[in-house]
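# Structural overview
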Amino acid sequence: DYDADGMSDLHEMLAGTDPCDSQSLLVFQGAWSATGVPGLEYDPQSKLLHIRWQAVPGKSYQLESTAHLTTDPGTGLPPLFTPLGDVVTAGVGETALDVWVDISDSDDEQIFRIRISETGEP
């Protein structure tokens, strides 16, 4: 981790970020909940979560979630992350991506992660 940003140089290379710049890393910029968001096609009574993260033009990302980060005590398996929405690709000059997720049916807390995806593949 040459720039001491907490992301290994290998992971920075895979993410397309600069391993020599501590400000260049794959990181969430924020998450906000909202209802009645104009311009989005969905049930206006839905509860939406707006998630934004830093992006690299041309890179594709899959937002995923899980209810816990602990290993399953019965099976010893790691937590299962579920894809949310479609794979999104940052366009030319796009350094942040925004995704809206419907969390209306979720009473549990969710933990989110961003996975680098091959272009167009879930």
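Residues numbered from 1 in each chain as written. Predicted model: local features only at pLDDT ≥ 70, side-chain atom pairs only at ≥ 80, totals over all residues. Heavy atoms only, no water.

### With respect to the overall build of the chain
Short version of the rule: Starting at the N terminus, helices and strands are each numbered in turn, a helix being any DSSP run of H or I of at least four residues and a strand any DSSP run of E of at least two. We call a residue buried when its accessible area falls under 20% of the maximum for its residue type, exposed when it is over 50%, and partly exposed in between, using a 1.4 Å probe and counting protein chains only. For this analysis, residues touch if any pair of their heavy atoms sits within 4.5 Å.
Scanning the chain for helices and strands turns up 1 helix and 6 strands. Ordered by position from N to C terminus, the α and β elements of the chain give α-β-β-β-β-β-β. Taken across its 122 residues, the chain has 29% of its residues classed as buried. Of all intrachain contacts in the chain linking residues separated by at least 6 positions in sequence, the fraction that spans at least 24 positions is 60%.

### Topic: the side chain of S24
Operational definition: Here a polar contact is taken to be a pair of N or O atoms separated by no more than 3.5 Å, where protein atoms must pair a possible hydrogen donor with a possible acceptor and residues adjacent in sequence count only if both atoms sit in side chains.
When you line up the elements, S24 lands in the loop between α1 (9-15) and β1 (28-34). Exposure remark for S24: the relative accessible area of 18% places this residue in the buried category. Of the polar contacts made by the side chain of S24, one reaches the backbone nitrogen of D18; its length is 2.8 Å. Dropping the residues within four chain positions of it, S24 is found in contact with D5, E12, T17 and D18.

### Some remarks on the sheet that holds strand β4 (residues 82-89)
Strand pairing in a sheet is mediated by backbone hydrogen bonds. Such pairs are either parallel or antiparallel. Worth spelling out the cut-off: Any two strands are treated as partners once DSSP identifies two or more bridges connecting them. To get an axis, a line is fitted to the C-alpha atoms, and for a helix only the part in contact is used. The angle between two axes follows their N-to-C directions and goes from 0 to 180 degrees.
The strand order β4-β3-β6 describes an open sheet built from 3 strands, whose pairing is antiparallel. A single partner strand is all that each edge strand has here, and the edge strands are β4 and β6 (111-117). Here the strands of the sheet are splayed against their neighbours by 20 degrees on average, with no regard to which way each runs.

### Quick look at the confidence of the model for the chain
Here is the rule: The predictor attaches a confidence to each residue, and that confidence, scored 0 to 100, is pLDDT.
A residue-level look at the chain finds 85% of positions with pLDDT of 70 or above and a mean pLDDT of 83. By mean pLDDT, the top-scoring element of the chain is strand β3 (residues 60-66) (92), and the lowest-scoring one is β1 (82).

### Points about the packing of aromatic side chains
How we decide: Classification of ring pairs rests on two measures: the distance between centres of Phe, Tyr or Trp rings, Trp counted by its six-membered ring, which must be within 6.5 Å, and the angle between planes, read as stacked under 30 degrees, edge-to-face over 60 and tilted in between. By definition here, charges over rings are those cases where NZ of Lys or CZ of Arg is within 6 Å of the ring centre and within 35 degrees of the ring normal.
Evaluation of the coordinates by the stated rule reveals 1 aromatic pair. The positively charged end of R113 is found above the aromatic ring belonging to F81, 3.9 Å away from the centroid.

### Comments concerning the side chain of T17
Its location among the elements puts T17 in the loop between α1 and β1. T17 sits in the buried class, given a relative accessible area of 10%. In this structure the side chain of T17 is engaged in a polar contact, spanning 2.8 Å, whose partner is the side chain of E12. If we skip the residues at most four places from it in the chain, T17 touches M7, E12, S24, L25, L26 and V56.

### Remarks on unusual backbone geometry
Located in the positive-phi region is A4, a residue other than glycine, with phi close to 55 degrees. Take A4: it is sitting in the segment before α1.

### Description of the nonpolar core
What tends to happen in soluble globular proteins is that the nonpolar side chains get buried as a cluster. Rules: Among the buried residues, those of types Ala, Val, Leu, Ile, Met, Phe, Trp, Tyr and Cys that are joined through side-chain atoms within 4.5 Å form a nonpolar core.
In terms of nonpolar packing, the biggest core is built from 13 residues, with I51, W53, Y61, L63, L97 and V101 touching the most fellow members. With residues near it in sequence (within four places) discarded, W53 still touches L26, V27, F28, Q29, Y61, L63, V88, T95, A96, L97, V99 and I114.

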